[in-house]
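Inside the fold
If you want the building blocks of each chain, they are given just below.
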Amino acid sequence: MKTQSEQWFEDYCASNGLVWRRVVEENSRTPDYELTIDGQRVIAEVKEIHPNKEEEESARLVSKRGYGLVLSHTPGNRVRNKIGDSSAQIKARTCDVYPSILVLCDLKNGCGQVAGNLDPYNIRVAMYGLERVHVVAPRDRDQTAYAAAMSYGPKRKMTEEDNNSISAIGVLSTPNPGEIVLHVYHNKFATVRLDPRLLASRGIAQFRLEDEVPSETAKWEKLVVQTQP
């Protein structure tokens, strides 16, 4: 039986000229879909994120009394879990030949949302690691400690050796009734890159990590892709 996010994904593909077919389930786990875009095969896996028990209880209290619980979580954790859960089956299908996309949808209040678990910050730190501030403590006690630099630190899921069969992460959302939106974040460590021109011709917003800047963590930048008229 299809999940809600799979139905939205199929509807999105049908509305945007993305040819898709379901992959027949085998004895081992397989990705959900194979797309064909301008003759290029793209492997796609669709995963849902559901509210956990704490989030459900907080939502219940909001509806009852107007405010919920104070929730605490490590940024990017829900995305990291989905990457870890999908990587092996995607790698088995891509065979280091085809690009792939892991499509995530955060179900909340019956719709797919971008805020929270799947906002750009959570996607970024899930892929490349939590941001770490490097603090310098001068030997002279009369001088104040100061932040000298920032870098990506622990809990990164995307490296040159890890999860590089995933070419990009897609975020599927439904901002308005009858509207389905897909944003795509490219993995700079992907073994097989997803050609941005394939998605740009369908008007899909795409992002990549900007060039490294000394003493700062690189942020997402929107890809501007020239397509043939």
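This section reports on the structure supplied with the text. (Residues numbered from 1 in each chain as written. Predicted model: local features only at pLDDT ≥ 70, side-chain atom pairs only at ≥ 80, totals over all residues. Heavy atoms only, no water.)

1. Some remarks on the pairing of strand β4 (residues 100–108)
Across the nine residues of β4, eight count as buried, placing the element largely inside the fold. Pairing analysis gives seven bridges linking strand β3 (residues 40–49) to β4, with the strands arranged parallel. Bridging across to β4, lysine 47 finds its partner in leucine 104. One ladder, built from four bridges, connects β4 with strand β8 (residues 168–173); its direction is parallel. Across the sheet, residue leucine 102 finds its bridge partner in β8, namely isoleucine 169. (Buried < 20%, exposed > 50% of the residue type's maximum accessible area, 1.4 Å probe, protein only. Helix = DSSP H or I, 4+ residues; strand = E, 2+ residues; numbered from the N terminus. Pairing = 2+ DSSP bridges.)

2. Some remarks on empty space enclosed by the protein
If you roll a probe as big as a water molecule over the atoms, it shows you where there is empty space left. In total, this model carries one cavity of 30 Å³ or more according to the counting rule given. As a volume, the largest cavity reaches approximately 70 Å³. Lining the largest cavity, in full, are Phe9, Leu18, Leu35, Ile37, Val42, Ile101, Val103, Leu182, Leu194, Leu199 and Ile204. Among the elements of the structure, β2 (33–37) and β4 are those that each provide at least two residues to the lining of the largest cavity. Partitioned by chemical class, the residues of the lining of the largest cavity number 11 nonpolar, no polar and no charged. (1 Å grid on protein atoms, 1.4 Å probe; cavity = no way out; pocket = protein on both sides within 12 Å on 5 of 7 lines; lining within 4 Å. Points joined across faces, edges and corners; volume = space filled by probe spheres on them. Nonpolar A, V, L, I, M, F, W, Y, C, P; charged D, E, K, R; others polar.)

3. Things to note about the packing of aromatic side chains
Evaluated as defined, the whole model comprises seven aromatic pairs. Ring geometry for tyrosine 185 versus phenylalanine 207: centroids 5.1 Å apart, planes at 20°, classification stacked. In this pair, tyrosine 185 sits in strand β9 (residues 181–186) while phenylalanine 207 sits in strand β10 (residues 205–209), placing the two residues 22 residues apart along the sequence. Take phenylalanine 207: its relative accessible area is 17%, and that puts it in the buried class. Here tyrosine 185 and tryptophan 220 contribute two aromatic rings whose centre-to-centre distance is 4.9 Å and whose plane-to-plane angle is 55°, an arrangement assigned as tilted. In this pair, tyrosine 185 sits in strand β9 while tryptophan 220 sits in strand β11 (residues 220–222), placing the two residues 35 residues apart along the sequence. Every member of this aromatic cluster is reached through a ring pair, and the members are Tyr128, Tyr152, Tyr185, Phe189, Phe207 and Trp220. The lysine or arginine in question, lysine 188, covers the ring of tyrosine 128, its NZ or CZ lying 5.7 Å from the ring centre. (Phe/Tyr/Trp six-rings, centres within 6.5 Å; stacked < 30°, edge-to-face > 60°. Lys NZ or Arg CZ within 6 Å of the ring centre and 35° of its normal.)

4. Considerations on helix α3 (residues 77–94)
Along its 18 residues, α3 runs 25 Å from first to last C-alpha, staying within 8% of the 26 Å computed at 1.5 Å per residue. Within α3 the residues assigned to the buried category are Val79, Arg80, Ile83, Ser86, Ser87, Gln89, Ile90 and Thr94. On its buried face, α3 is in contact with β3, β4, α4 (120–128) and β8. Of the residues flanking the end of α3, it is cysteine 95, one or two places downstream, whose phi is positive at about 55°. (Expected span 1.5 Å × (residues − 1). Contact = heavy atoms within 4.5 Å.)

5. Thoughts on helix α1 (residues 4–15)
Residue pairs three or four apart in sequence face the same way in an α-helix, which turns once every 3.6 residues. When the terminal C-alpha atoms of α1 are compared, their 17 Å separation across 12 residues agrees well with the 16 Å that a helix rising 1.5 Å per residue should span. Considered for burial, the residues of α1 that qualify are Ser5, Glu6, Trp8, Phe9, Glu10, Tyr12 and Cys13. Two residues or fewer past α1, glycine 17 is found with a positive phi of approximately 70°.

6. Concerning unusual backbone geometry
A positive phi angle is found at cysteine 95, which is not glycine, with a value near 55°. Positionally, cysteine 95 belongs in the loop between α3 and β4. We note that aspartate 96 has phi near 60°; this positive angle belongs to a residue other than glycine. Positionally, aspartate 96 belongs in the loop between α3 and β4. We classify aspartate 96 as partly exposed; its relative accessible area is 43%.

7. Focus on a nonpolar patch on the surface
Residues Val133, Val135 and Met150 make up a contiguous nonpolar surface patch of about 250 Å² in total accessible area. Counting through the fold element by element, methionine 150 comes out in strand β7 (residues 146–152). Owing to a relative accessible area of 31%, methionine 150 belongs among the partly exposed residues under this scheme. (Patch = residues over 30% accessible without salt bridge, like charges linked within 9 Å, V, L, I, M, F, W, Y side chains within 5 Å. Areas by Shrake-Rupley, 256 points an atom, 1.4 Å probe, with all protein chains shown as cover. Salt bridge = Lys/Arg side-chain N within 4 Å of Asp/Glu carboxyl O.)

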